[in-house]
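Here are the chains, one letter per residue:
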Amino acid sequence: SKSGAGGGLDHTGGILRYGAGPLFEEPKLVVWKQVDQVAYTLICDPLDNPLLANNFLTLLIHELNDHFRPRGTHRGAPPITE
């Protein structure tokens, strides 16, 4: 998915399933989001809940953005929606 209309953060994201192979010894679930020009990934076991992993990653991105935002800028970042 991709968003950015209305002056919000530009973001893309998705969920990928990787089988066992050269990259991973066992199958994995990869949840990823790109916000502005930073990519965030969460690598999970295949039986993990992808919706919960996606929500966690969204919350983590907001916390990191708030923590590393330069002083004096607005802390109320627009929400990341799908």
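Residues numbered from 1 in each chain as written. Predicted model: local features only at pLDDT ≥ 70, side-chain atom pairs only at ≥ 80, totals over all residues. Heavy atoms only, no water.

**A word on the nonpolar core**
Step number 1: Core analysis: the biggest nonpolar cluster contains eight residues, these being Leu29, Val31, Val35, Tyr40, Cys44, Ala53, Leu57 and Ile61.
Step number 2: Elements represented by at least two residues in this core include exactly strand E3 (28–35), strand E4 (38–44) and helix H1 (50–68).
Step number 3: What Cys44 contacts, discounting residues up to four positions off in sequence, is Lys28, Leu29 and Ala53. (Core = buried A, V, L, I, M, F, W, Y, C linked by side-chain atoms within 4.5 Å. Buried < 20%, exposed > 50% of the residue type's maximum accessible area, 1.4 Å probe, protein only. Helix = DSSP H or I, 4+ residues; strand = E, 2+ residues; numbered from the N terminus. Contact = heavy atoms within 4.5 Å.)

**Things to note about H1**
Step number 1: Its 19 residues give H1 an end-to-end C-alpha distance of 27 Å, which sits within 8% of 27 Å, the value for a rise of 1.5 Å per residue.
Step number 2: Close packing links the buried residues of H1 with E3 and E4.
Step number 3: Its side-chain oxygen at 3.0 Å from the backbone nitrogen of Leu51, Asn49 defines the N-terminal cap of H1. (Expected span 1.5 Å × (residues − 1). Polar contact = N/O pair within 3.5 Å; in protein donor to acceptor, adjacent residues only side chain to side chain.)

**Considerations on unusual backbone geometry**
Phi is mostly negative for residues that are not glycine, and the peptide bonds are mostly trans.
Step number 1: In this model, Asp36 sits at a positive phi of 55 degrees, which is unusual for a non-glycine residue.
Step number 2: You can see Asp36 is positioned in the loop between E3 and E4.
Step number 3: Since its relative accessible area comes to 41%, Asp36 is described here as partly exposed.

**Focus: the pairing of E3**
Step number 1: The buried fraction of E3 is high, at six of eight residues.
Step number 2: Note that strand E2 (residues 11–18) and E3 share eight bridges and pair antiparallel. Within the sheet, the bridge partner assigned to Leu16 lies in E3 and is Val30.
Step number 3: With seven bridges joining them, E3 and E4 adopt antiparallel strand pairing. Counterpart to Lys33 in the pairing with E4 is Tyr40.
Step number 4: Counted between consecutive antiparallel strands, the loop separating E3 from E4 contains two residues, among which Asp36 sits at a positive phi close to 55 degrees. (Pairing = 2+ DSSP bridges.)

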